[in-house]
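# Structural characterization, general
Listed below, chain by chain, are the residues.
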Amino acid sequence: MRSLSVLGATGSVGASTLDLVRREPEAWRLVALTAHSNATELARLALEFSAEIAVVADEARLPELREALAGTGIATAGGPAALVEAAARGADVTVAAIVGCAGLAPTMAAIEQGGVIALANKEALVSAGEVMTAAVARHGATLLPVDSEHNAIFQCLQGNNTAHVRWITLTASGGPFRDWSWEQLSAATPAQAIKHPNWDMGAKISVDSATMFNKGLELIEAHHLFPVGLDRLRIIVHPQSIVHSMVEYRDGSTLAQLGPSDMRVPIASALAYPERMDTPCAPLDLAAIGELTFRTPDEDRFPATRLAREAAQAGGAIPAVLNAANEVAVAAFLAGQISFTRIAAQVEDVLNAYMPVAPACLSDVLAVDGEARERARQLMEAA
Ligand code: NDP
């Protein structure tokens, strides 16, 4: 039996993780389950899985959580510091599935305990970069990618020497707007943006998928997870989302990982690593799928991948600024305050506005994140 914490248990990745755990209850002992504000669902999950502690980041929801778990023996806590303390309890495996840079501090706390971190929370790695990878090395933690593309690349690199890699190719579905004109994109609504053609995901990553910022963030994520050099990382649009990514070696061999568009596959790969476990996903039926197609991304309509590549090249604090500016812009778009095409434009405005110094530790990264959010809001109000 291994111990497990799920940060972001009430979200889409959290639900997929717990669905797998539910199928092998004898294999797992739950330590911490966390949410932002959904105390009702968190309490239900904590009870079902007999977690040690349930934590809501939004302290205003703590009374509700306490009441729901009264007399059960499950500890409760609220607020961002409690989230970090819960992650610092340590577990054999911690699934980092909070959305946004809000997941960074708890993920770093889990890393400091030296266990396995199954990382879905790409914004945390994008923002912290070397601060996080250095902490992983310092504390002897193991970072296993859950993002389907990075999990695919991780699998394709097994048993191979990265010195022989010619290309790492991240596949992108292209999102719901991949064939839309600029005029159509300008009028795209939040409801249209969160309706992804292949994947069922949380609202923020669905918008990121529509803008291609998701792929941009993934490019930076790959740059940290697989340090083969930025010039060896490329992106290709693959509308069917069956090939999750590829690695081409110097001899001309390309290894790809294929699977259904279901996050339970990469999550299972990380949970069971280096073994394998069952998932309830239907076997891949390539004959029924029929065609796998690929095309070059269009960075005129979707500038996010260019901005992300430039941010990765600049390094230092710039990826954290890009991420924070994108989080603010996505929230504004979802709230109906800015148009879809303003998201990338606004991120670029923030990136052009100032040049913060490179962060050396977690508190530096959080300071960069905070300032970038503030500047993004100011620029938005001034526009
Ligand atoms: P969801 O929006 O579905 O869930 C987010 C989770 O984080 C919820 O548990 C939510 O709690 C919690 N949360 C939100 N804000 C905060 C906060 N400020 N502090 C603490 N907890 C918070 O997101 P997804 O599951 O879709 O995505 C999670 C991460 O995984 C993201 O980084 C995403 O990019 C990545 N990812 C997701 C994939 C997917 O298929 N969904 C695929 C690959 C990567 P509450 O429910 O209370 O709001």
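For every chain, the first residue of the written sequence is number 1, and numbering continues from 1 onward in sequence order. Only residues with pLDDT of 70 or above have their local features reported here, since the model is predicted, and side-chain atom pairs are shown and tallied only from 80 upward, although totals for entire chains, interfaces and linings are computed over all residues. Water and hydrogen atoms play no part in the side-chain values, which are based on all heavy atoms of the structure.

## Overview of the pattern of salt bridges
Salt bridge, as applied in this entry: a Lys or Arg side-chain nitrogen positioned within 4 Å of an Asp or Glu carboxyl oxygen. Following the criterion strictly, the structure yields 27 salt bridges and no others. With its nearest N and O atoms 2.9 Å apart, the salt bridge here joins Asp179 to Arg295. Placement of the pair is Asp179 in the loop between β8 (165-172) and α9 (182-186) and Arg295 in the loop between α14 (286-289) and α15 (304-314), with a sequence separation of 116 residues. Buried residues are those whose accessible area, probed at 1.4 Å on protein chains only, stays under 20% of the maximum for their type, while exposed residues exceed 50% and partly exposed ones sit between those limits. The class for Asp179 is exposed, based on a relative accessible area of 53%. The salt bridge involving Arg264 is made with Asp262; its shortest N-O contact spans 2.8 Å. Within the structure, one salt-bridge network assembled from shared partners comprises Asp19, Arg22, Arg23, Glu41, Arg44, Glu48, Asp262 and Arg264. Labels follow the DSSP assignment, with helices taken as runs of H or I lasting at least four residues and strands as runs of E lasting at least two, numbered in each case from the N terminus.

## Here we look at the pairing of strand β1 (residues 2-7)
Burial analysis of β1 places 5 of its 6 residues in the buried class, the great majority of the element. Bridge count between β1 and strand β2 (residues 28-35): 4 bridges; the pairing is parallel. In the sheet register, Leu4 faces β2, and the bridge partner there is Leu30. Call a crossover right-handed when, viewed with both strands pointing away from you, the route from the first strand across the helix to the second goes clockwise. Taking the sense of rotation as the criterion, the β-α-β connection linking β1, helix α1 (residues 12-23) and β2 turns out right-handed. Any two strands between which DSSP finds at least two bridges are classified as paired.

## Structural notes on the side chain of Ser16
For Ser16, the position within the fold is in helix α1. Residue classification places Ser16 among the buried positions, given a relative accessible area of 16%. Every residue in contact with Ser16, bar those within four places of it in the chain, is listed here: Met263, Arg264 and Ile267. Every residue pair with non-hydrogen atoms within 4.5 Å of one another is taken to be in contact.

## Observations concerning the UniProt feature "binding site: NADPH" (unreviewed entry) in the chain
UniProt positions are given in the numbering used here, feature names are shortened, and annotations may be inferred rather than shown by experiment. Following the UniProt record, one finds the feature "binding site: NADPH" (unreviewed entry) at Thr10, Gly11, Ser12, Val13, Asn38, Asn121, Glu123 and Gly202. With respect to the helices and strands, the residue Ser12 is situated in helix α1. According to the relative accessible area criterion, Ser12 is partly exposed, its value standing at 30%. Apart from residues lying up to four places away in sequence, Ser12 is in contact with Asp200, Met201 and Gly202.

## Structural notes on unusual backbone geometry
Cis geometry is found at the peptide bond from Tyr273 to Pro274, where omega equals 5°. Among the structural elements, Pro274 can be located in the loop between α13 (264-272) and α14. The phi dihedral of Ser50 falls on the positive side, at around 50°, and the residue is not glycine. Following the sequence through the fold, Ser50 ends up in the loop between α2 (39-48) and β3 (53-56). For Met212, which is not glycine, the phi dihedral falls at a positive 80°. In this structure, Met212 sits in the loop between α11 (203-211) and α12 (213-225).

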